[in-house]
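# Structural characterization, general
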Amino acid sequence: ETGVTQSPTHLIKTRGQQVTLRCSSQSGHNTVSWYQQALGQGPQFIFQYYREEENGRGNFPPRFSGLQFPNYSSELNVNALELDDSALYLCASSLVGQSYGYTFGSGTRLTVV
Amino acid sequence: QKEVEQDPGPLSVPEGAIVSLNCTYSNSAFQYFMWYRQYSRKGPELLMYTYSSGNKEDGRFTAQVDKSSKYISLFIRDSQPSDSATYLCAMTISGNTPLVFGKGTRLSVIA
């Protein structure tokens, strides 16, 4: 399978709840990164995983956490959801050391009410 | 001052026009410069990337980087209605660092 796939495409959650978003990396890519894109803004870096370890993190609180699995698929978990967490969450995969060659998924649109 | 500045538009042009999209940045350590196209309800799609200064051409698209001015541009020749999308500039220090994006410019090409 080629390309980056994300699930679900849309999600509505209540403030205070927890959410898990999933990503399947492009075949052959061993690095996965997550970005948050608020409406009308560019994507902002959340964190990156390589060899199942977090190896870079943006300015996001610890309630944002992730996992990368041996097959390079990945999860983004967000605890204690806040209204400002409403955004498009993008997964991007690449080969290690080639962040300039990201392939992005179509994203998960999260709405917190 | 944000690290990457990009005019959000919207920009509306007639079909066949030459489109110029621009970004400025403040971090002189940036070495890789990318342009992404994002259609509504989709993820960003990499159009082109350039390493350091110079020009790069791919079909109707030309990317320019002027590191002395901290200014990058994307030109679209013979614009088509299918080019209507949001164009995001992005940059990074190395292949091991995350991308820093502009806000994106919304482009409409009118037939």
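It is worth spelling out the overall build of chain A at this point. Looking only at helices and strands, chain A has 0 helices and 11 strands in total. Going from N to C terminus, chain A has its helices and strands arranged as β-β-β-β-β-β-β-β-β-β-β. A compact globule built from 113 residues would reach a C-alpha radius of gyration of about 13 Å, and chain A, at 13 Å, matches this within 12%. Taken along the three principal axes of its C-alpha coordinates, chain A extends 40 × 25 × 25 Å. The buried share among the 113 residues of chain A stands at 47%. Between the mean site of the 7 positive side-chain charges and the mean site of the 8 negative ones, chain A shows a separation of 5 Å.

Looking only at helices and strands, chain B features 0 helices and 11 strands. When the helices and strands of chain B are placed in sequence order, the string is β-β-β-β-β-β-β-β-β-β-β. Against the 2.2 N^0.38 benchmark of 13 Å for 111 residues, chain B shows a C-alpha radius of gyration of 13 Å, consistent with a compact globule. By principal-axis analysis of the C-alpha atoms, chain B measures approximately 40 × 25 × 25 Å. Buried residues in chain B amount to 41% of all 111 residues.

Residues and elements named next belong to chain A. Relative to the helices and strands, Leu-110 is located in strand 11 (residues 108-112). The spatial distance from the C-alpha of Leu-110 to the C-alpha of Thr-9 is 8.5 Å, given a sequence separation of 101 residues. Apart from the residues lying within four places of it in its own chain, the contact partners of Leu-110 are Leu-11, Lys-13, Val-19, Leu-81, Asp-85, Ser-86, Ala-87 and Tyr-89.

The next point concerns the confidence of the model for chain A. As a general rule, the predicted coordinates of low-pLDDT regions are not to be interpreted in detail. Looking at chain A, the pLDDT average stands at 94 and 98% of residues meet or exceed 70. Averaged over each element, pLDDT in chain A is lowest for strand 6 (residues 53-57) of chain A (93) and highest for strand 11 of chain A (98).

Now for unusual backbone geometry. At the junction of Ser7(A) and Pro8(A), the peptide bond is cis and its omega measures out at -10° in the coordinates. In this fold, Pro8(A) is placed in the loop between strand 1 (5-7) and strand 2 (10-13). Pro10(B) follows Gly9(B) through a cis peptide bond whose omega is 10°. Along the chain, the position of Pro10(B) falls in the loop between strand 1 (4-5) and strand 2 (11-14). For Glu52(A), which is not a glycine, the phi torsion comes out positive at approximately 65°. Residue Ala80(A) is not a glycine yet carries a positive backbone phi of 45°.

This part takes up the pattern of salt bridges. When their charged atoms lie close together, side chains carrying opposite charge are able to pair. All names here are of chain A. Tallying each qualifying case throughout the model produces 7 salt bridges over all chains. Glu-75 serves as the salt-bridge partner of Arg-22, at 3.6 Å between the closest nitrogen and oxygen. Remark: Glu-75 occurs in strand 8 (residues 74-78) and Arg-22 occurs in strand 3 (residues 19-24); sequence separation between them is 53 residues. On the basis of relative accessible area, Glu-75 is assigned to the buried category, the value being 14%. A salt bridge links Arg-63 to Glu-82; the nearest nitrogen and oxygen atoms lie 3.3 Å apart. Of this pair, Arg-63 sits in the loop between strand 6 and strand 7 (64-68) while Glu-82 sits in the loop between strand 8 and strand 9 (87-94); the two residues are 19 residues apart in sequence, bridging distant segments of the chain. The class for Glu-82 is partly exposed, based on a relative accessible area of 41%.

On to the state of the cysteines, then. Counted under the stated rule, the structure contains 2 disulfides over all chains. There is a disulfide in this structure between Cys23(A) and Cys91(A), and the S-S distance comes to 1.9 Å. The sign of the S-S torsion, about -65°, decides the handedness of the disulfide formed by Cys23(A) and Cys91(A): left-handed. Linking Cys23(A) in strand 3 with Cys91(A) in strand 9, this pair joins segments that are 68 residues apart in sequence. Both residues of the pair, Cys23(A) and Cys91(A), count as buried. Between the sulfur atoms of Cys23(B) and its disulfide mate Cys89(B) the distance is 2.0 Å. Handedness here is read from the sign of the S-S torsion; for Cys23(B) and Cys89(B), about -105°, the answer is left-handed. Remark: Cys89(B) occurs in strand 9 (residues 85-92) and Cys23(B) occurs in strand 3 (residues 19-25); sequence separation between them is 66 residues. For the pair shown, Cys23(B) and Cys89(B) are each scored as buried.

Quick notes on the rules
Residues numbered from 1 in each chain as written. Chains lettered and ligands numbered in written order. Predicted model: local features only at pLDDT ≥ 70, side-chain atom pairs only at ≥ 80, totals over all residues. Heavy atoms only, no water. Helix = DSSP H or I, 4+ residues; strand = E, 2+ residues; numbered from the N terminus. Rg over C-alpha atoms; globule rule 2.2 N^0.38 Å. Buried < 20%, exposed > 50% of the residue type's maximum accessible area, 1.4 Å probe, protein only. Lys, Arg positive; Asp, Glu negative; His and termini not counted. Charge placed at Lys NZ, Arg CZ, Asp CG, Glu CD. Contact = heavy atoms within 4.5 Å. pLDDT = per-residue confidence, 0-100. Salt bridge = Lys/Arg side-chain N within 4 Å of Asp/Glu carboxyl O. Disulfide = S-S within 2.5 Å.

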